[in-house]
Amino acid sequence: MSTGRPARRRIYHIEDLTKTYGTGPAAVHALRGVNLDVDEGEMFVLLGPSGSGKSTFLNILGGLDRATSGHAHFFDTNLTDLDDDGLTEYRRESVGFVFQFYNLIASLTAHENVSLITQISKDPMDPAEALAMVGLKERIKHFPSQLSGGEQQRVAIARAIAKRPRVMFCDEPTGALDSETGVRVLDALDRINREIGTTVFIITHNAVVAEMADDVVLFGDGRIVGRRSNATRKPPLELRW
Amino acid sequence: MRLSPLTIKLLRDVWRLRAQAAAIALVIAAGVGMVIMSFGMIRSLEATRASYYDIYRFADVFAPIRRAPTSAIRAIRQLPGVAYAEGRVTASAILDVPGIAEPVSGRLHSLPNPKGLNQIVLRSGRLPGLDAPRDVVVNEAFATAARLSPGDRFSALIYGKRVQLKLTGTVLSPEYVYAVAPGQIFPDNRRYGVIWMNEDALAGALDLRDSFNEALVRLAPGANRDEVIRRLDILLDRYGAVGAYGRDLQISDRFVSNEIEQLATTVEILPPIFLAVAAFLLNIVLARLVETEREVIGLLKAFGYRDRAILLHYGQLAALLSVAGLILGAVLGAWLGRGLAGIYQRYFVFPFLEFRAGADSYLISIGATLIAVLAGAALAVTRAARLTPAEAMRPPAPADFSGRWTASAARALVPDEPSRMILRGLFRRPLRSLLAVLGLSSALALYIASASSTDNVDRMIELAFGKAEREDMVVTFAEPRDARALYELARLPGVLRVEPYRATSARLTAGHHEVREGLVGSSPQSDLSRAVNMEGRVIEPPPSGVVISTRLARRLDIRAGDPIRAIVTEGERPVIDLPVSAIIDTPLGSSARLDKAYLNRLLREGATLSGAYLAVDSNYGEAVSRALKETPQVAGVTSQQAILQGVRDTVAEQMGIVTLFNTLFAALIVLGVVYNSARISLSERARDLASMRVLGFRRGEVSYVLLGELALLVLVSIPVGISFGLALSRYVTAQFSADLYSIPMGFNSQTPAEGVLAVLVASAATALLIRSKVDHLDLVRALKTRE
């Protein structure tokens with residue numbers, strides 16, 4: 001697939017990012033100095049064992065947590081300078097989230113779950129269009145309780161993309177799904193990345209998922225211990241685990 | 001000793017839930033405290049009255065007669081059912097007290113024998129000396145109001161003879177717990193005094209040596225009182241008996257019973273409702289609290305804990321969360337009950353106080369609370385324990401909101417998703433929403449019902465003094481006089497209007513019911529004293545027939561149109577048959593009213609009057625009083641102003657105290673309920689809210705979803721609570737079957753408004769507290785945890 005990519009803008013520039021929980025001998029060093037540059041429109045997979053720091057990293061990039069030291073630039077904005085309200089606006093305007101357990105609002109239909117977000121966005125898609133992109137056009141009036149796990153996760157993806165975010169963070173998006181369903185969810189993410197150019201970060205334990213990424217970052221003990229680029233991205237529908 | 005893991009979890013849970021536990025404790029303390037305080041107070045007053053009567057040997061039966069020789073007592077003592085009897089001398093008098101412009105009505109009694117009935121309690125000074133005919137003691141309330149102290153002198157006009165008296169002390173008497181002049185409803189202690197003096201001196205003044213004019217009887221245990229009264233009447237008939245009567249018809253006891261009964265109605269109807277509401281709310285709160293532990297319950301089951309152990313664990317949690325409230329409620333209730341009873345003890349002038357809340361009020365209130373709390377917890381645990389452990393280990397299926405009504409109603413009602421979240425949350429569990437509304441509105445209703453008793457008393461005062469008794473003074477003659485007396489009164493400078501009345505004491509009978517009640521005849525078209533119903537409408541006495549109050553009709557068990565028989569107990573003592581032309585619901589005042597001319601005809605007399613109602617120019621009040629003192633035959637003057645003040649000082653004040661506590665407790669319940677509802681909503685919605693925050697919703701937008709639900713529940717509760725409150729107030733008012741006066745329903749829009757304000761303030765305070773919790777939602781956890 002596309003290897004000779006056109007020059008893209010740098011979406012994240014991360015320098016010496018550290019995160020320490022607690023102080024003194026009980027301190028936990030979740031991140032011990034992470035450096036990373038990410039170009040816009042890339043599909044990133046973060047791999048690593050539990051406690052390796054990948055979730056902490058993603059939380060800081062997603063504006064959910066603050067670094068102890070270092071910098072995380074989103075275009076020209078230094079996320080580490082933002083206060084709570086600033087981070088809220090950052091998440092509201094630029095970031096889409098997909099959670100391991102979907103986190104849909106049970107009292108809203110698929111369509112409403114998506115329009116919950118489009119109502120507070122500046123230039124959103126039509127919720128129906130976003131749901132069509134994840135293949136759920138026929139299920140828009142269903143409540144989460146009437147959808148399968150995979151369908152719920154695709155609603156969550158539609159919800160994340162409907163505001164046309166610059167970046168999407170997906171923390172173990174297939175963690176609660178069987179492989180067949182998981183593949184369909186990954187396919188949806190792949191299409192979003194290709195069709196609207198959203199930068200996508202996927203955290204996973206599952207090494208197979210790495211094959212669909214442009215770049216794969218390996219975390220270990222609070223540091224990036226390896227990074228590789230795939231020459232070709234494997235279509236998600238061909239993944240098996 | 002090592003604590004089991006479940007015990008450690010239990011203790012940690014209690015600590016974690018401490019804020020909610022505090023709110024729960026408030027609700028429990030309010031419910032339990034109300035019951036113990038109220039029942040404790042009433043029982044203490046009843047116990048105090050009972051021992052006061054017992055210790056000071058208050059007579060069971062009173063038999064007034066014209067005159068009997070002392071030897072007649074022996075015959076009375078031999079009647080079956082009589083344990084002890086004695087005779088005494090008693091008379092009414094007109095007192096001339098230095099410093100009081102108008103004549104003072106007095107009641108004179110011979111001093112009781114040292115071991116006889118109706119003992120008195122010396123409060124200051126000393127008892128009259130044995131050979132000191134002028135020494136007297138008076139009731140303490142009169143001495144205080146008339147500013148008399150031992151050593152002071154005043155004079156009394158006893159049957160035309162002026163006697164100089166010297167005050168040696170002040171006393172209390174079980175017979176005058178409530179000292180009210182005949183024909184009055186409320187005490188005017190400055191213008192009515194009770195005097196005890198040596199029997200020889202009093203008998204001498206009345207020409208009753210070796211005789212008595214009232215027999216006092218103490219019944220043997222198990223004696224049939226009515227039978228004793230019947231035999232007494234037969235025995236004493238030849239001595240001019242006007243009819244013996246039991247203690248319950250004795251004027252002071254009747255007032256005390258009436259007051260305690262009234263107080264009991266105020267304090268005994270509401271507290272059980274308080275407790276029920278508190279228990280009901282706790283049931284909801286505990287059930288919801290345990291529901292939030294659903295996942296833990298599943299896990300415990302997965303680890304192999306049996307349902308019973310889990311049930312026990314949460315039962316212990318519920319009990320522990322309630323313990324503080326139970327203790328606080330019991331201690332606070334007993335303490336406040338004792339304090340309140342102390343206040344009423346002084347008000348009723350009991351010489352001591354016996355506090356008694358009764359083990360049953362503790363057992364019932366604590367038991368009811370525990371049952372409610374444990375049932376709430378058990379229900380939720382049983383529901384959660386029905387899950388297989390496997391279900392609990394998997395991420396749960398999202399709650400089902402697909403019910404057609406739930407889904408479409410919210411869509412139709414509101415355009416935006418956050419509002420739909422609120423509505424669907426409420427619609428999906430209509431029962432729970434309903435219960436929350438019910439709980440909140442009950443708390444508001446309690447507040448309104450409690451606080452409105454003050455409005456009702458205000459309305460009673462307005463009806464009684466603004467519409468019914470509009471005179472400034474009531475003049476009573478020593479003996480009925482002819483119409484000329486009216487002109488004498490009208491001629492006094494400063495008297496603006498005079499209206500005559502004819503009053504006579506009588507025994508009213510219908511079937512086997514008998515009531516001692518005066519007949520009052522007033523002129524039609526009266527402007528000063530009028531019969532007024534609860535709506536404030538004036539009811540004119542019919543040209544023939546009698547208008548009686550609902551209270552009296554109830555006691556005689558009669559309806560309009562029925563005949564009653566009046567056995568007049570003074571003068572010629574005629575027996576009159578009267579048709580009851582109307583029964584009216586009147587706040588207070590004479591219970592049997594006739595046209596004065598009609599009553600005069602029935603008594604076979606001319607236009608005789610017993611006294612008159614006076615309207616007086618306010619600048620001449622003092623002068624009119626002085627002139628009345630000089631007027632022969634004036635036995636007493638009462639001032640409406642003083643009586644109104646008396647009502648305000650007594651009824652209004654005593655209701656005020658109870659009302660204050662009720663209202664305070666109601667406010668506590670409101671606070672406890674609102675806080676717990678919101679806290680539980682927060683824990684139920686925490687994940688949704690945190691997800692919304694992660695997705696970029698601002699704090700205010702997220703708070704809207706949480707607090708919107710609370711606001712909606714509160715908004716719906718307000719009209720429901722107001723309706724409940726007014727209905728409850730009406731019910732409590734209707735339960736006042738007090739014998740001497742009734743309390744009308746007085747609506748003052750300020751009371752519900754204050755209740756609503758209390759709810760809104762409690763809600764706003766809670767909202768602020770909860771809002772700060774929203775600010776601290778753990779966003780990272782929302783990403784990782786399942787529901």
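An unreviewed UniProt entry lists chain A under the name ABC transporter ATP-binding protein, with Sphingomonas edaphi as the source organism. Recorded in UniProt for chain A, the comment headed Sequence similarities (unreviewed entry) runs: "Belongs to the ABC transporter superfamily. Macrolide exporter (TC 3.A.1.122) family."

A.B. asks: Just give me the short version of the overall build of chain A, but keep the residues and values in it.
C.D. replies: When you go through chain A residue by residue, the secondary structure sums to six helices and 10 strands. Radius of gyration (C-alpha) of chain A: 17 Å, near the 18 Å computed for a compact globule of 241 residues. By its C-alpha atoms, chain A is 55 × 40 × 40 Å across when sized along the principal axes. Nonlocal contacts in chain A, meaning residues at least 24 apart in sequence, comprise 71% of its contacts between residues at least 6 apart.

A.B. asks: Outline the sheet that holds strand 11 (residues 245-246) of chain B, supporting the account with residue identities and numerical values.
C.D. replies: All names here are of chain B. The strand order 2-10-1-11 describes an open sheet built from four strands, whose pairing is antiparallel. Strands at the two margins of the open sheet, each flanked by one partner only, are strand 2 (82-88) and strand 11. On the sheet, helix 6 (residues 225-236) packs against strand 1 (61-69), strand 2, strand 10 (211-219) and strand 11 and is oriented at approximately 10° with respect to strand 1.

A.B. asks: Can you lay out the environment of Ala93 of chain B for me, pointing to particular residues and giving the numbers?
C.D. replies: Its place among the elements puts Ala93 of chain B in strand 3 (residues 90-96). Excluding its chain neighbours within four sequence positions, the residues that come into contact with Ala93 of chain B are Val104, Ser105, Gly106, Leu108, Ala156, Leu157 and Ile158 of chain B.

A.B. asks: Describe the domain arrangement of chain B, listing the residues and the values that go with them.
C.D. replies: Residue and element names in this part refer to chain B. In terms of domains, chain B is made up of domain 1 (62-255) and domain 2 (495-616). Facing 11 residues of domain 1, the contacting portion of domain 2 comprises nine residues. Sorting the residues of domain 1 by area buried against domain 2 places Val242, Leu249 and Arg254 first, and these three jointly supply 48% of that buried surface. Linking domain 1 with domain 2 are one salt bridge. Arg254 is paired through a salt bridge with Glu517; the nearest N and O atoms lie 3.8 Å apart. There are three residue pairs in polar contact (both at pLDDT 80 or more) connecting domain 1 and domain 2.

A.B. asks: How would you sum up the sheet that holds strand 19 (residues 546-549) of chain B? Please name residues and give values.
C.D. replies: All names here are of chain B. Taken together, 11 strands build an open sheet; the order of strands is 15-14-20-21-19-22-16-13-23-12-24 and the sheet is mixed. Each having just a single partner strand, strand 15 (513-516) and strand 24 (634-639) make up the two edges of the open sheet. Adjacent strand axes in the sheet meet at a mean angle of 30° when their direction is disregarded. Bridge analysis of strand 12 (residues 473-481) against strand 24 gives five bridges, and the strand direction is antiparallel. Bridging across to strand 24, Met473 finds its partner in Ser639. With respect to the sheet, helix 15 (residues 484-491) is in contact with strand 12, strand 13 (495-504) and strand 23 (609-616), its orientation differing from that of strand 13 by roughly 150°. Across the face of the sheet, helix 18 (residues 621-630) comes into contact with strand 12, strand 13, strand 23 and strand 24 while running at roughly 15° to strand 12.

A.B. asks: Any chance you could break down the pattern of salt bridges for me, citing the residues and the numbers?
C.D. replies: Applying the stated criterion across every chain yields a total of 54 salt bridges over all chains. Arg693 of chain B serves as the salt-bridge partner of Asp84 of chain A, at 3.7 Å between the closest nitrogen and oxygen. With Asp84 of chain A in helix 2 (residues 84-94) and Arg693 of chain B in helix 19 (residues 640-694), this pair bridges two chains. Taking relative accessible area as the criterion, Asp84 of chain A reaches 30% and is therefore assigned partly exposed.

A.B. asks: Please provide a residue-by-residue account of the UniProt feature "domain: ABC transporter" (unreviewed entry) in chain A, values included.
C.D. replies: Under the local residue numbering, the UniProt record ascribes the feature "domain: ABC transporter" (unreviewed entry) to residues 12-241 of chain A. With 29% helix and 27% strand, the stretch residues 12-241 of chain A has end C-alpha atoms that lie 31 Å from each other.

A.B. asks: Run through the packing of helix 3 (residues 110-118) of chain A against helix 5 (residues 149-161) of chain A, naming residues and quoting values.
C.D. replies: Two quantities define a packed helix pair, namely the angle between the helix axes and the distance between the axes. Residues and elements named next belong to chain A. Across the interface, helix 3 lies against helix 5 with an axial gap of 8 Å and an inter-helix angle of 25°. Between helix 3 and helix 5, the crossing angle belongs to the class labelled roughly parallel. Along this stretch, helix 3 crosses helix 5, giving a crossing that reads as right-handed. Taking contact as the criterion, the partners of Ala110, Asn113, Val114 and Ile117 in helix 3 are, on helix 5, Val155, Ala158 and Arg159. Residue composition of the contact of helix 3 with helix 5, grouped by class: five nonpolar, one polar and one charged.

A.B. asks: Describe unusual backbone geometry, listing the residues and the values that go with them.
C.D. replies: In this structure, Asn103 of chain A takes a positive phi of about 50° despite not being glycine. By the secondary structure assignment, Asn103 of chain A is in the loop between strand 6 (95-98) and helix 3. A residue is classified by how much of its surface remains accessible, and Asn103 of chain A, at 0% relative accessible area, is buried. If you check the backbone angles, Asp210 of chain B has positive phi at about 55° while not being a glycine. Along the chain, Asp210 of chain B turns up in the loop between helix 5 (199-206) and strand 10.

A.B. asks: Give a detailed account of helix 13 (residues 417-428) of chain B, specifying residues and quantitative values.
C.D. replies: Helical geometry: 3.6 residues make up each α-helical turn, so side chains three or four residues apart lie on a common side. Residue and element names in this part refer to chain B. Compared with the 16 Å implied by 1.5 Å per residue over 12 residues, the 16 Å span of helix 13 between its first and last C-alpha is a close match. The element helix 13 is extensively covered by neighbouring structure, given that 10 of its 12 residues are classed as buried. For helix 13, the complete set of buried residues consists of Glu417, Pro418, Ser419, Arg420, Met421, Ile422, Leu423, Arg424, Leu426 and Phe427.

A.B. asks: With reference to specific residues and values, describe the environment of Leu232 of chain B.
C.D. replies: Residue and element names in this part refer to chain B. Relative to the helices and strands, Leu232 is located in helix 6. Accessibility expressed as a relative area gives 0% for Leu232, which makes it buried. For the pair Leu232 and Ala244, spaced 12 residues apart in the sequence, the C-alpha separation amounts to 6.9 Å. When neighbours within four sequence positions are excluded, Leu232 is seen to be in contact with Val61, Ala63, Ile76, Leu79, Val217 and Ala244.

A.B. asks: Can you lay out the packing of helix 8 (residues 294-302) of chain B against helix 9 (residues 307-348) of chain B for me, pointing to particular residues and giving the numbers?
C.D. replies: Residues and elements named next belong to chain B. The N-to-C vectors of helix 8 and helix 9 enclose an angle of 145°; their axes lie 10 Å apart at closest approach. Of the two elements, helix 8 crosses helix 9, and the hand of that crossing is right-handed. Side by side, helix 8 and helix 9 meet where Val296, Ile297, Leu300 and Lys301 of the first sit next to Asp307, Ile310 and Tyr314 of the second. Here the residues of the contact of helix 8 with helix 9 are counted per class, giving five nonpolar, no polar and two charged.

A.B. asks: Give me the packing of aromatic side chains: which residues, what numbers.
C.D. replies: Under the defined criterion, the tally for this structure stands at 18 aromatic pairs over all chains. Each ring, one from Tyr12 of chain A and one from Phe74 of chain A, has its centre 5.4 Å from the other, and the planes form 50°; the classification is tilted. Placement of the pair is Tyr12 of chain A in strand 1 (residues 10-21) and Phe74 of chain A in strand 4 (residues 69-74), with a sequence separation of 62 residues. Its relative accessible area of 0% is what places Tyr12 of chain A among the buried residues. With a centroid separation of 5.9 Å and an interplanar angle of 70°, the aromatic rings of Tyr12 of chain A and Phe201 of chain A are classed as edge-to-face. Taken as a pair, Tyr12 of chain A in strand 1 and Phe201 of chain A in strand 8 (residues 199-204) lie far apart in primary sequence, 189 residues in all. Here a set of aromatic residues connected by ring pairs shows up, and it is made of Tyr12, Phe44, Phe74, Phe75, Tyr90, Phe97, Phe99, Phe169 and Phe201 of chain A. For the cation-ring pair, Arg18 of chain B lies above Trp15 of chain B, with the distance from its terminal atom to the ring centre recorded as 4.1 Å. The cationic tip of Arg57 of chain B hangs over the ring face of Tyr84 of chain B; the distance from NZ or CZ to the ring centre is 5.4 Å.

What counts and what doesn't
Residues numbered from 1 in each chain as written. Chains lettered and ligands numbered in written order. Predicted model: local features only at pLDDT ≥ 70, side-chain atom pairs only at ≥ 80, totals over all residues. Heavy atoms only, no water. UniProt positions renumbered as here; feature names shortened; annotations may be inferred. Helix = DSSP H or I, 4+ residues; strand = E, 2+ residues; numbered from the N terminus. Rg over C-alpha atoms; globule rule 2.2 N^0.38 Å. Contact = heavy atoms within 4.5 Å. Pairing = 2+ DSSP bridges. Axes fitted to C-alpha atoms, helices over the stretch in contact; angles between N-to-C directions. Domains from an automatic or database assignment. Buried area = accessible area lost by both parts, 1.4 Å probe. Salt bridge = Lys/Arg side-chain N within 4 Å of Asp/Glu carboxyl O. Polar contact = N/O pair within 3.5 Å; in protein donor to acceptor, adjacent residues only side chain to side chain. Buried < 20%, exposed > 50% of the residue type's maximum accessible area, 1.4 Å probe, protein only. Parallel < 35°, antiparallel > 145°, perpendicular 65-115°, else oblique. Left-handed = near helix turned anticlockwise from the far one by under 90°. Nonpolar A, V, L, I, M, F, W, Y, C, P; charged D, E, K, R; others polar. Expected span 1.5 Å × (residues − 1). Phe/Tyr/Trp six-rings, centres within 6.5 Å; stacked < 30°, edge-to-face > 60°. Lys NZ or Arg CZ within 6 Å of the ring centre and 35° of its normal.

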